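# Close look at the chain arrangement
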Number of protein chains: 4
Amino acid sequence: MTLMNGEQYRNSLRKRKPLTVFLLGERVEDCLSHPIIKASINTVALTYDLAHDSNYQSLMTAKSSLTGEVINRFCHLHQNTDDLQTKVKMQRLLGQKCGTCFQRCVGMDALNAVFLTTYEIDQVHGSVYHGNFKEYVIQAEENDWVIDGCMTDPKGDRSKRPSEQSDPDVYVRIVEQRKDGIVIRGAKAHQTGAVNSHEHLIMPTLAMRNEDSTYSVCCAVPADADGITYYYGRQSCDLRRLDESTAGDIDCGNPLFGGQECLVVFEDVFVPHERVFMNGETDFCSRLVDTFASYHRQSYGGCKVGVGDVLIGAAATIAKYNGVLSASHIRDKITETLYSCGIACSASGVQTDAGNYLVDMLLANVCKQNVTRFPFEIARLLQDIAGGLFVTCPSAKELENPETKRIVEKYLVGVQGIDTVNRIKMLRLIENLTLGRAAVGYLTESMHGAGSPQAQRIMIHRMSDIEQKMNLAMDLAQIDR
Amino acid sequence: MTLMNGEQYRNSLRKRKPLTVFLLGERVEDCLSHPIIKASINTVALTYDLAHDSNYQSLMTAKSSLTGEVINRFCHLHQNTDDLQTKVKMQRLLGQKCGTCFQRCVGMDALNAVFLTTYEIDQVHGSVYHGNFKEYVIQAEENDWVIDGCMTDPKGDRSKRPSEQSDPDVYVRIVEQRKDGIVIRGAKAHQTGAVNSHEHLIMPTLAMRNEDSTYSVCCAVPADADGITYYYGRQSCDLRRLDESTAGDIDCGNPLFGGQECLVVFEDVFVPHERVFMNGETDFCSRLVDTFASYHRQSYGGCKVGVGDVLIGAAATIAKYNGVLSASHIRDKITETLYSCGIACSASGVQTDAGNYLVDMLLANVCKQNVTRFPFEIARLLQDIAGGLFVTCPSAKELENPETKRIVEKYLVGVQGIDTVNRIKMLRLIENLTLGRAAVGYLTESMHGAGSPQAQRIMIHRMSDIEQKMNLAMDLAQIDR
Amino acid sequence: MTLMNGEQYRNSLRKRKPLTVFLLGERVEDCLSHPIIKASINTVALTYDLAHDSNYQSLMTAKSSLTGEVINRFCHLHQNTDDLQTKVKMQRLLGQKCGTCFQRCVGMDALNAVFLTTYEIDQVHGSVYHGNFKEYVIQAEENDWVIDGCMTDPKGDRSKRPSEQSDPDVYVRIVEQRKDGIVIRGAKAHQTGAVNSHEHLIMPTLAMRNEDSTYSVCCAVPADADGITYYYGRQSCDLRRLDESTAGDIDCGNPLFGGQECLVVFEDVFVPHERVFMNGETDFCSRLVDTFASYHRQSYGGCKVGVGDVLIGAAATIAKYNGVLSASHIRDKITETLYSCGIACSASGVQTDAGNYLVDMLLANVCKQNVTRFPFEIARLLQDIAGGLFVTCPSAKELENPETKRIVEKYLVGVQGIDTVNRIKMLRLIENLTLGRAAVGYLTESMHGAGSPQAQRIMIHRMSDIEQKMNLAMDLAQIDR
Amino acid sequence: MTLMNGEQYRNSLRKRKPLTVFLLGERVEDCLSHPIIKASINTVALTYDLAHDSNYQSLMTAKSSLTGEVINRFCHLHQNTDDLQTKVKMQRLLGQKCGTCFQRCVGMDALNAVFLTTYEIDQVHGSVYHGNFKEYVIQAEENDWVIDGCMTDPKGDRSKRPSEQSDPDVYVRIVEQRKDGIVIRGAKAHQTGAVNSHEHLIMPTLAMRNEDSTYSVCCAVPADADGITYYYGRQSCDLRRLDESTAGDIDCGNPLFGGQECLVVFEDVFVPHERVFMNGETDFCSRLVDTFASYHRQSYGGCKVGVGDVLIGAAATIAKYNGVLSASHIRDKITETLYSCGIACSASGVQTDAGNYLVDMLLANVCKQNVTRFPFEIARLLQDIAGGLFVTCPSAKELENPETKRIVEKYLVGVQGIDTVNRIKMLRLIENLTLGRAAVGYLTESMHGAGSPQAQRIMIHRMSDIEQKMNLAMDLAQIDR
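What comes next is a walk through the structure.

What counts as what
Residues numbered from 1 in each chain as written. Chains lettered and ligands numbered in written order. Predicted model: local features only at pLDDT ≥ 70, side-chain atom pairs only at ≥ 80, totals over all residues. Heavy atoms only, no water. Helix = DSSP H or I, 4+ residues; strand = E, 2+ residues; numbered from the N terminus. Rg over C-alpha atoms; globule rule 2.2 N^0.38 Å. Buried < 20%, exposed > 50% of the residue type's maximum accessible area, 1.4 Å probe, protein only. Contact = heavy atoms within 4.5 Å. Areas by Shrake-Rupley, 256 points an atom, 1.4 Å probe, with all protein chains shown as cover. Lys, Arg positive; Asp, Glu negative; His and termini not counted. Charge placed at Lys NZ, Arg CZ, Asp CG, Glu CD. Least-squares fit on C-alpha atoms with pLDDT ≥ 70 in both. 1 Å grid on protein atoms, 1.4 Å probe; cavity = no way out; pocket = protein on both sides within 12 Å on 5 of 7 lines; lining within 4 Å. Points joined across faces, edges and corners; volume = space filled by probe spheres on them. Nonpolar A, V, L, I, M, F, W, Y, C, P; charged D, E, K, R; others polar. Buried area = accessible area lost by both parts, 1.4 Å probe. Salt bridge = Lys/Arg side-chain N within 4 Å of Asp/Glu carboxyl O. Polar contact = N/O pair within 3.5 Å; in protein donor to acceptor, adjacent residues only side chain to side chain. Pairing = 2+ DSSP bridges. Axes fitted to C-alpha atoms, helices over the stretch in contact; angles between N-to-C directions. Expected span 1.5 Å × (residues − 1). Phe/Tyr/Trp six-rings, centres within 6.5 Å; stacked < 30°, edge-to-face > 60°. Lys NZ or Arg CZ within 6 Å of the ring centre and 35° of its normal.

This paragraph deals with the overall build of chain A. If you tally the helices and strands in chain A, you get 17 helices and 14 strands. Over its C-alpha trace chain A gives a radius of gyration of 23 Å, about what one expects of a compact globule, namely 23 Å for 481 residues. Principal-axis analysis of the C-alpha atoms gives chain A an extent of 75 × 70 × 50 Å. Counting every position in chain A, which comprises 481 residues, the buried fraction comes to 70%. If you take every contact in chain A between residues at least 6 apart in sequence, the share linking residues at least 24 apart comes to 77%. Summed over all atoms, the accessible surface of chain A reaches about 14400 Å², with 46% contributed by carbon and sulfur. Side chains of chain A carry 50 positive and 59 negative charges; the gap between the two charge centres is 5 Å.

And the structure:
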C-alpha cells in the first residue's frame with residue numbers, strides 16, 4: 001500500500017464508509033464524482049502521482065525514520081535540516097503544478113508536531129502517548145494516508161475562553177471518559193481537504209488553562225467514523241464547476257484543480273485510548289499549538305511561492321498575448337523573499353528531544369507574517385498587467401454558438417498568431433487566481449491559514465530577545481547597565 | 001420627464017426597442033427581470049430615487065446651466081468648483097448606499113469632456129459640433145438619460161496603432177460617410193452599465209495620428225439603435241444570482257445591488273450628423289481622452305471612497321460579531337486620503353473656454369493613481385479582520401433544512417445576542433466585496449477603470465513641471481543656471 | 001510697520017533686549033551674526049521679502065479681517081476656504097524657495113486656534129479672553145510679528161499626567177496668580193524658530209483634567225521677556241555652518257537656509273492679564289489643542305510638499321549630471337497626494353462661531369498622518385537616484401588646493417559639459433535634504449511636528465463615524481438594525 | 001601572524017609606508033590617531049579582537065582550506081553551505097557589536113569571487129591566474145590582512161561605456177604592459193575601509209566588451225604602494241568627532257565606532273605579474289562582477305540585520321526611558337526577513353568548479369534588493385518611537401556648565417530613576433543611526449553598497465526562468481504549447 005498513485009488514492013477513498021457531506025443544501029451521494037469535490041480530489045491525487053514521477057521522486061519521497069521504507073514525504077518525520085528544506089521545495093513544486101492548495105501539508109505538519117509534543121508530555125507526565133503515536137505514524141506511512149490536521153475550533157465569542165462560552169461545544173471537548181477511550185464533541189472549522197482525507201488528527205486550538213482541561217485533547221479518528229458530519233464550504237465562483245461543458249471548463253479558469261474547506265462536526269465520536277495523544281494535559285497545549293503552527297507557517301513559504309510562480313507566469317503570458325512587451329513589474333523579488341523565509345527557517349531548524357527536526361520558530365513566524373502580505377501584492381500586480389478584461393469577458397458559452405463565437409473571437413483578439421480562445425483561457429486563470437476559487441487559497445488562506453497575522457505578531461514578539469537588543473544599544477551609547 | 005424616479009427609469013428602459021443581449025450562452029428576453037441584470041438596474045435606479053429624497057437632493061440635483069431647470073446631477077455641466085466637489089460627495093454617498101458601481105458617472109464625465117472639446121474643435125476647425133452637442137445635453141437633461149460613456153476599444157495587438165491592426169475593426173471606426181450622417185463599425189469593451197443605458201456617447205480611446213483619422217470619431221447613438229449587440233460580461237460569483245431563494249440571496253452578499261460591464265458591438269450603425277461631435281479631427285482626440293479621463297479619475301475619489309466606507313463598516317461589524325473588541329487597523333486614513341484627492345482636484349478646478357469647469361488634471365490623475373492601490377490594501381485589511389470564515393462558510397441553503405440549520409447556527413455562533421444568520425450575512429457581504437461581484441468594481445475596476453495605472457503615470461509625468469523643480473534645487477545649491 | 005521686508009525684520013530682532021541663548025556650550029552674543037543661527041533667520045526673512053515680491057503678493061499677503069489693512073498672511077485670521085487653500089499654496093511656495101522649515105506657520109496656526117477657542121471659552125465661562133486676544137492679533141498684524149506657537153512641554157514621564165510628575169515644572173504651569181497677572185514656570189521643547197521670534201504664544205500641550213488646572217494656561221510673552229532662556233538644539237551636520245569659507249558653504253548643501261529648534265525655559269515669567277487667554281479652564285484645553293493641531297497638520301500639506309518639490313528637482317538634476325536619462329521613479333504622485341490632502345482639508349473647512357475658518361479636522365489629521373510616511377519614501381527614492389557619492393564625496397576643502405582640486409574634478413566628473421563642482425554642490429544638497437540639517441525638518445519634523453503619528457491616529461479614530469459605517473454595511477447585507 | 005588581535009592589527013597598519021590621505025582639506029599625518037579615522041579603525045579592530053573571544057571563535061574563525069591553519073573567517077574560502085551561513089551569522093554579530101559598517105566583508109567577498117573566476121579563466125584561456133591567486137590567498141590568511149575589495153569606478157558619464165569616456169581614466173585601466181607586470185591608472189570610488197586596509201584587490205566594475213579590454217583588469221596592490229592617494233569621504237556629522245571632550249563623545253552617538261569610505265586614486269601604479277589575476281579577458285568581467293556582487297549582496301543579509309538589532313534595541317530603550325510602555329511597532333519581522341534572505345541564499349549555495357562555495361545568486365540578489373528598502377522603514381519607525389528630541393536636543397556641552405546642566409537635566413528628564421544623561425546618550429545614538437554617521441552605512445550604503453537597486457533588478461530578471469513560469473500557467477489553463 002505504501003506509495004500509492006493517484007488512482008489508488010481515489011480507490012482508497014472509495015473504500016471508506018459513506019461520509020455524511022452537505023453541499024449547497026444537499027447531501028452528497030458520491031464525493032469522487034461530484035464536480036466541485038472532484039477538482040479538489042484531483043489536487044490531492046497529484047501528491048500521489050508525482051511520487052511516482054522520476055523527475056520528482058527525490059522531492060516527493062523519503063526514507064522512513066521508523067521503518068526504513070520509502071514513503072511519501074507527506075507522511076515523513078523530518079530527520080535533518082535538509083529534510084526541512086526539501087519539504088519546502090516539494091511544496092513549491094506542487095503549488096506550481098496545481099495552482100491551488102493541495103491540502104496535504106496540514107497532516108504532515110501535525111504528524112511532526114504531535115510526535116515531538118507527545119515525547120515531551122511523556123517526559124513530564126509519565127504518560128505513554130509517544131509510543132502510541134509512533135505506531136500511528138507507522139500506519140500513516142504504510143497506508144500513505146491523507147491526514148487532516150484538525151486544529152481550528154469555531155470559537156464562538158472570541159473574547160471568552162473555551163470554558164466560558166455559552167455553548168461549551170464551540171470548542172472540541174471530551175464529553176466522556178470511558179474505560180476503553182474517550183468521547184469527543186464539537187466541531188473544527190476551515191478543515192482543508194477534510195472530505196478527501198483518510199484520517200483526522202485532532203489538536204487543541206490554543207493554550208489552555210486548568211479550567212479548560214476537557215478541551216485539552218489530541219487524538220485521531222478515521223474520516224468515516226460514526227458521528228462525523230461534513231459541511232462543505234462555499235468558495236468564490238464555485239458554481240462554475242457545476243457546468244460540465246467544455247465552455248464551462250474554460251470559465252473555471254483552472255479546470256482541473258481546486259481546494260476544499262469544510263466545517264467538520266463531531267457529535268459524540270468515540271476514540272480508543274491508543275489513538276488518544278493528549279487527554280487533559282493543559283500545560284502542553286501551547287507547545288503543541290506553537291510547534292504545529294511553526295511547521296505550518298514554514299509550509300506557506302513553499303506552497304504560496306509555487307502558486308506565486310503561476311501568477312508570475314500568467315502575467316508574462318497575458319502580457320505577451322496582449323502585445324505588451326514587458327511585464328517586469330511583477331517581480332520575482334516578492335515571491336523569492338517568501339521562499340527565502342521558507343528556506344531560512346528550515347536551514348536553521350534544530351533537532352527535538354523526540355528526534356525529529358523543528359524549524360526555527362521565530363523565522364517560521366516571520367515567514368508566515370510575510371505571506372499575509374506579499375501574495376496580495378502579487379495578485380494586485382497581476383491585475384494591473386492583465387488589463388480589465390478578465391472581469392468583463394463574456395461567458396465561454398458564447399463560444400458554443402457559431403455566430404456569437406465569431407464576434408467574440410473577432411473583438412477579443414490579441415496579438416496576431418495567438419488563438420483568442422487561449423487568451424480567454426488565460427484571462428479566466430487570472431480571474432481564478434485573483435478573485436475566484438484559487439484566490440480563496442492564494443489570498444484568504446495566506447491571511448488566515450496557520451493562524452492570522454496577529455497570531456504571528458504575538459509569537460514573534462514573544463520569541464524576540466528584546467532585552468539583549470536593548471543591551472546592544474546601551475553598550476554602543478556607553479550607558480552603564 | 002425631468003428628474004425621474006427609479007420606477008420611471010425602469011419604465012423608460014422598457015420603452016426601448018428590444019436589445020440583443022447575450023448572457024451565459026443565451027439571448028436575454030427581458031433585461032429588467034433577469035436576475036443577474038436586475039441587480040445592476042437596481043443600482044442605477046438608486047441614482048433616480050435618491051434625487052427625490054429630501055435628505056440628498058442638494059447632492060443629487062443641480063440647476064441646469066442650459067435651461068435653468070432642476071436636473072439630476074448626473075446630467076449636469078459643472079459650473080464652478082463647488083459643483084465639482086458636490087459631484088464627489090454625491091459619488092461617495094452612492095457608493096455608500098449600494099456598495100458597488102452605480103454606472104452613471106461615465107456618462108456625466110463624457111458630457112462634460114465632450115462639451116469642452118467640441119467648443120475647442122469648433123474654434124480651430126470652424127466646425128459646428130458644439131451647438132449640436134449643447135442640444136444633445138439639453139435632451140439628456142430633459143430625458144434624465146443614463147448615458148454610457150463609450151471609450152475603451154478592444155485594441156487587439158497593443159503594440160500596434162489602430163490603422164496597423166490586422167482587423168481594422170478592433171477600434172471603432174467610420175466605415176462610411178453619407179450625406180446625412182456616418183456609419184460606424186467596431187466594438188467598445190468593458191462598457192459599464194451598457195444594457196441599463198438610454199444612450200451611448202462614443203469617444204476615441206487614445207490619441208490618434210493622421211493615418212488614424214477614420215478612428216477619430218465622437219458621436220451619440222441610442223442604446224436600442226439597429227446594429228448594436230451586447231455581450232454581457234461574467235463577474236465573479238455571478239451564478240449565485242440565479243438562485244432566487246432567500247438562502248441564495250444571502251450567499252450573494254449584497255442581495256440587492258450589483259454592477260455590469262458589457263462588450264458592445266456596433267455593426268454598421270448609422271449616426272445622423274447632428275449626433276456626430278468629431279469626425280476625423282485627429283488633433284483633438286488626445287484632448288478629449290485626457291479631459292474625459294481626468295473627470296473620470298476624479299470620480300474614483302468619490303465612488304470608491306463610498307464603497308470603502310462600507311468595507312470599514314463591514315470590518316467593524318464583523319469584529320463586533322466575532323467578539324473582537326477593536327478593528328482599528330482598518331484605518332479611515334486610507335479611504336480619506338482618496339477622498340482628499342477627489343476633493344482637491346475639484347477645489348483646484350478651472351473654468352474652460354466652453355464655460356464648464358474642468359478638474360485639476362494633475363491632481364485628478366494622482367487621485368486615480370492612488371485608487372489603483374489603496375482599495376486593495378483596505379480589502380486586505382478587511383480580510384484580516386474578518387477571519388477566514390467568509391471563504392469556508394457552508395452554503396446558506398444549509399439554513400433551509402432544519403437539521404443542518406441547527407448545526408450551522410450552533411457552531412457558527414459569534415458573541416451572544418447576535419443572530420448567527422446575521423453573522424453569515426455579514427461574512428457574505430465581505431466575500432462579495434473582496435472576492436465576489438463587488439470586488440470586480442472595488443478592486444479590478446479601481447485598477448483599470450478610467451485608465452490603467454500606466455496611463456496615469458504617463459499623464460502625471462507629462463503634467464509635472466520638472467524643469468521648474470530642477471531650478472528650485474539648483475537655486476538652493478547655488479548653481480548658476 | 002505693517003508688511004516688513006527681510007531687512008526690516010532683522011532690524012526688529014535687533015531691537016529686542018538681549019536674549020539668553022546657549023549653543024554648543026557657549027552663550028551666544030549676537031544671534032543675527034552667528035553662522036548657525038543666521039541661516040535660520042535667513043529663512044524667516046524670506047517670508048517677509050516674498051511679501052514684497054509682486055509675483056507672490058497674492059499668496060503672501062491678505063486683507064486683515066480686523067483692520068482692513070494689507071498684512072502678511074502669516075498674521076491672518078482665515079476668512080473663508082479660499083484663505084485656507086491660499087495658506088497651503090503659500091507654504092508650498094516657501095518650502096520650494098528655502099528647502100527647509102521657514103518657522104512661521106506655528107504662530108499663524110496658534111493665532112487662528114486661540115482666536116476661536118477664546119471665543120468659545122467666553123461663551124461658556126463668561127470670561128473676556130476673546131476681546132483681549134483680538135487686540136493681540138491686531139498688534140501681531142500691525143507689527144508683522146513672528147510668533148512662536150508654544151505648545152509642546154518636555155513631559156517627563158509620559159505615563160503620568162502633569163500633576164503626577166515628580167517635578168511639577170516639566171509642564172508649563174502657573175506658579176502664582178497676581179492682581180495684575182500671572183507668573184509661569186516650565187519649559188517648551190522643540191520650539192521652532194524660537195530665537196527668531198518676537199513673541200511666544202503659549203498653549204497647553206494636551207487635554208487637562210481638573211487636577212491639572214494650573215497647567216491650563218494660554219498666554220503671550222515677548223521673546224525678550226525676563227526669565228526666558230533658550231537652549232539651542234543641535235542639528236545633524238550643524239558644525240559645517242561654522243566653517244565660513246566658500247568650500248564650507250558647499251558642504252552645507254543648502255548654504256543659505258536652515259531651520260531652528262530650541263528648548264525654551266520659562267523661569268517665573270510674569271504675564272499681565274491682558275495677555276492671558278486661558279487661566280485654568282481645563283475644559284477647553286482639548287479644544288485648543290485639537291484645533292491648533294488641525295491647523296498645523298494642514299500646514300504640513302503645504303510646506304513639506306514644497307520641500308518635496310526640491311527633492312524631486314534634485315533627483316532630476318543629479319540624474320542629468322550623472323548621465324542617467326530618467327529619474328522617473330521619484331514620482332510626483334507621492335508629493336501631490338500630500339498636497340491634495342492639504343487642499344482638501346482646506347476646501348472642506350467650516351466657519352467657526354468666532355468668525356474665522358477651521359479646516360476639516362478629520363482630513364487635516366489624515367493629511368499629517370500621510371506626512372509621517374511619504375517624505376521618508378521620497379527621501380529614499382532620492383537616495384536611490386543620487387547614487388552613493390553624496391555620502392562618500394571628499395570635503396569641498398579639497399577644492400581649495402589646486403592639486404587635490406585637479407584630482408577631485410578629474411575623477412568626480414559626470415556628463416560632459418557639467419562643472420564637477422556643480423555636481424558636488426547638488427550632491428551636498430541631497431545630503432542636506434536626506435541626512436543633514438534639512439532632513440531634520442523634512443523627515444523627523446514630518447514625523448513629530450504637529451503631533452506624532454499616534455496623535456493623529458487617535459483623532460482620526462475619534463472623528464470617524466464608525467456607527468454610521470456599520471449601518472451602511474448592515475443595510476446592504478439586509479440585517480435589521 | 002595568523003589571527004592577530006586588535007592591537008596587533010593597529011601595529012600592522014603602523015608598519016605600512018606613510019599613506020597620502022587627504023581629509024577636510026589637509027593631509028593626514030597619522031591615520032591611527034586622527035579622531036575621525038580612529039573610530040573606523042576601532043571598528044575593523046573588533047573583527048580581530050572577537051576572533052580571540054571564546055564566545056565568538058566558532059563564528060569568527062575557520063580552518064583554512066589551503067593550509068589547514070585556523071584563520072580569521074574574513075580570509076576564508078567558503079567550503080560548504082554551513083560556511084556560507086556562518087559568514088552571515090558572523091556579520092550579524094559584528095553589526096550588533098559596532099552598530100556600523102565594519103569594512104572587512106568586501107575583501108572576503110572579493111577573495112571568494114576572484115578565486116572561482118580565475119579558475120574559470122584558466123580553463124578557457126589556458127592562463128595561470130588561479131595558481132597565483134591561491135598563493136595570494138595563502139598570504140592573506142597568514143598575514144590576516146584587511147583587503148579592500150576595489151570594484152566601483154567613478155564612471156563619469158553613466159550613459160557611455162569606459163572606452164567612450166572623454167577622460168579614459170574614469171575607469172581603472174592598464175596604461176602599460178611591461179615584461180614584469182602592468183601599470184594601472186584610474187580611481188575607485190566609495191572604497192570602504194580603504195585607509196584601514198593592508199591590500200587593495202582591484203576588480204572591473206561591470207561587464208566589458210572587446211573594445212574595453214584595457215579596462216578588464218583584476219590585480220592586487222598593497223595599500224602603501226607608490227602612486228596611491230586617498231581622498232577621505234565626508235560623512236554626516238563627521239565634525240562632531242573632532243571634539244574630543246566627553247561631552248563631544250556623547251554627541252557622536254556611537255562614540256567608539258564609525259565607518260569609512262574613500263576615493264582611492266591610482267596614478268600609474270606598477271603591479272608585478274604574480275599579482276595580476278585578469279589582464280584583458282573581457283569575457284570574464286561579467287562573471288567576476290556577478291559572483292562578487294552575489295557574495296556581497298548576501299553579506300547585507302548579515303551586517304544590516306545586526307545593525308537593525310541595535311535600532312530595535314534603541315527603540316525599546318528610549319521607549320522605556322520616555323515612560324512609553326510599548327514599542328511594538330518596530331517589528332523584528334522586518335529585520336528577520338532580511339536575515340532569512342541572507343540565510344536562504346547561503347543554505348542554497350552550490351560548489352564551484354574551483355572548489356569553494358557560491359551563494360544562490362538569485363536569492364542573494366533578492367536579499368540585497370530587500371536591503372534597499374527595509375532598513376529605511378526600520379529607521380522611520382525608530383524615529384517614530386524616539387520622539388522628536390533627538391533632533392532638537394541641546395548640545396552635550398551644555399552638560400559641562402553646572403548651571404546649564406541643571407536646566408537640561410531638569411527639563412529633559414524622562415521616567416524616574418533614569419539618568420537624564422543616559423536618555424541623551426540614547427537619543428544621540430538614535431540620531432547617529434538615522435541621520436548621522438551610522439546612517440550613511442545603515443541607509444545609503446544599504447541602498448548603493450554591492451550595487452544599486454537597479455543592478456539587482458536586472459540580475460533578478462536575468463536569473464528568473466520566466467519561460468518555465470509561463471508554461472506552468474499555460475498548463476493549468478489547458479493551453480497547448
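This paragraph deals with the relation of the copies chain B and chain A. With an RMSD of 0.0 Å, the operation that places chain B on chain A is a rotation of 180° combined with a shift of 0.0 Å along the axis. What the superposition gives is, in effect, a two-fold axis relating one chain to the other.

Counted by the stated rule, this structure contains 14 cavities of 30 Å³ or more. Each pocket or cavity is described by its volume, and for the largest cavity that value is around 110 Å³. Among the residues forming the lining of the largest cavity, the class breakdown is six nonpolar, four polar and two charged.

The interface of chain B with chain A comprises 79 residues on the first partner and 80 residues on the second. Summing both sides of the interface, chain B and chain A together bury roughly 6400 Å²; the carbon and sulfur share of this comes to 58%. When the area that chain B buries against chain A is broken down by residue, the three leading residues are B:R234, B:R380 and B:Y411, summing to 13%. Inspection of the chain B/chain A interface yields ten salt bridges. Between A:R240 and B:D238 there is a salt bridge, and its shortest N-O distance comes to 3.9 Å. Viewed at the interface, chain A and chain B are joined by 32 residue pairs in polar contact (both at pLDDT 80 or more).

Further remarks concern the interface of chain D and chain C. Taken together, the 79 residues of chain D in the interface contact 79 residues of chain C. Buried surface at the junction of chain D and chain C, both sides included, amounts to about 6300 Å², of which 58% is carbon and sulfur. Of all residues in chain D, D:R234, D:R380 and D:Y411 give up the largest surface area on contact with chain C, accounting jointly for 13% of the area buried on that side. Applying the counting rule to chain D against chain C returns ten salt bridges. One salt bridge connects D:E267 with C:R406, and the closest N-O pair in it is separated by 3.6 Å. Joining chain D to chain C, the criterion identifies 31 residue pairs in polar contact (both at pLDDT 80 or more). Here the residues of the side of chain D that touches chain C are counted per class, giving 31 nonpolar, 23 polar and 25 charged.

Moving on, we come to the sheet that holds strand β5 (residues 147-150) of chain B. All names here are of chain B. Taken in spatial order, the four strands line up as β5-β8-β9-β12 in an open sheet, and their pairing is mixed. Each of the sheet's edge strands pairs with one partner strand only, and the pair in question is β5 and β12 (276-279). Taken pair by pair, the neighbouring strands of this sheet meet at an average axis angle of 20°, ignoring direction. Taken strand by strand, helix α5 (residues 105-125) contacts β5, β8 (199-202), β9 (217-222) and β12, and its axis lies near 60° from that of β5.

With that settled, the discussion passes to the pairing of strand β6 (residues 173-177) of chain C. All names here are of chain C. Of the pairings in the sheet, the one linking β6 to strand β7 (residues 181-192) comprises four bridges and is antiparallel in character. Paired with Q177 across the strands is I182, a residue of β7. Where β6 hands over to β7, the hairpin turn is made up of three residues, counted between the paired strands.

Let's shift gears to the environment of B:L288. Residues and elements named next belong to chain B. Residue placement: L288 occurs in helix α8 (residues 285-322). Among the residues examined, L288 registers a relative accessible area of 1% and is labelled buried. Measuring from C-alpha to C-alpha, the distance between L288 and T392 comes to 47 Å, with 104 residues separating the pair along the chain.

Topologically, A:R240 is positioned in the loop between β10 (228-232) and α7 (246-252). Within polar-contact distance, the side chain of A:R240 engages the backbone oxygen of A:D251 at 3.0 Å. A polar side-chain atom of A:R240 sits 2.6 Å from a polar atom in the side chain of A:E431. Contacts of A:R240, omitting those with residues within four sequence positions, involve A:G248, A:D251, A:C252, A:R428, A:E431, B:R234, B:Q235, B:S236, B:C237, B:D238 and B:L239.

Attention now moves to the sheet that holds strand β2 (residues 26-27) of chain C. Strand order in this open sheet of six strands is β2-β1-β10-β11-β7-β6 (chain C), and the pairing throughout is mixed. Looking at strand neighbours, the two that pair on one side only are β2 and β6 of chain C, the edges of this open sheet. Of the pairings in the sheet, the one linking strand β1 (residues 20-23) of chain C to β2(C) comprises two bridges and is antiparallel in character. From the neighbouring strand, C:L23 faces β2(C), where its bridge partner is C:E26. Most of the contacts of helix α13 (residues 402-411) of chain D go to strand β11 (residues 261-272) of chain C, to which it runs at about 95°, and overall it touches β1, β7, β10 (228-232) and β11 of chain C.

Below, the discussion takes up the pattern of salt bridges. It is possible for side chains of opposite charge to pair when their charged atoms get near one another. Inspection of every chain in the model, using the stated rule, returns 128 salt bridges over all chains. In this structure, the salt-bridge partner of C:R92 is C:D309, at a minimum N-O distance of 2.8 Å. With a gap of 217 residues between them, C:R92 in helix α4 (residues 81-98) and C:D309 in helix α8 (residues 285-322) connect regions that are remote in the sequence. Each member of the pair C:R92 and C:D309 is classed as buried. Among the ionic pairs, D:R10 bridges to D:E7, the shortest N-O distance being 3.5 Å. Placement of the pair is D:R10 and D:E7 together in helix α1 (residues 6-14), with a separation of three residues, close to one helical turn.

This paragraph deals with the relation of the copies chain D and chain C. Note on the copies: chain D fits chain C at an RMSD of 0.0 Å, the axial shift is 0.0 Å, and the rotation between them is 180°. Taken together, the interface assignments show that 100% of the residues at the interface of chain D recur at the interface of chain C, consistent with an identical surface on both copies.

Further remarks concern helix α5 (residues 105-125) of chain A. The first and last C-alpha atoms of α5(A) sit 30 Å apart over 21 residues, in line with the 30 Å expected at 1.5 Å per residue. In the stretch just after α5(A), A:G126 is the one whose phi turns positive, near 65°.

What follows concerns helix α9 (residues 332-347) of chain A. Between its terminal C-alpha atoms α9(A) stretches 21 Å, which fits the 22 Å expected from 16 residues at 1.5 Å a residue. Counting buried positions along α9(A) gives 16 out of 16 residues, so the element sits mostly inside the fold.

One pass over the full model with this rule turns up 32 aromatic pairs over all chains. Between A:Y136 and A:W145 the ring centres are 5.5 Å apart and the planes differ by 45°, which places this aromatic pair in the tilted class. Accessibility classification places A:Y136 together with A:W145 in one group, the buried group. An aromatic cluster is present here, built from A:F133, A:Y136, A:W145 and A:F277 joined pairwise through their rings. Sitting over the ring of B:Y339, B:R92 keeps its end group 4.5 Å from the ring centre. One residue, B:R104, lies across the ring of B:Y48, its end atom 4.1 Å from the ring centre.

Any functional reading would require information that these geometric values do not contain.
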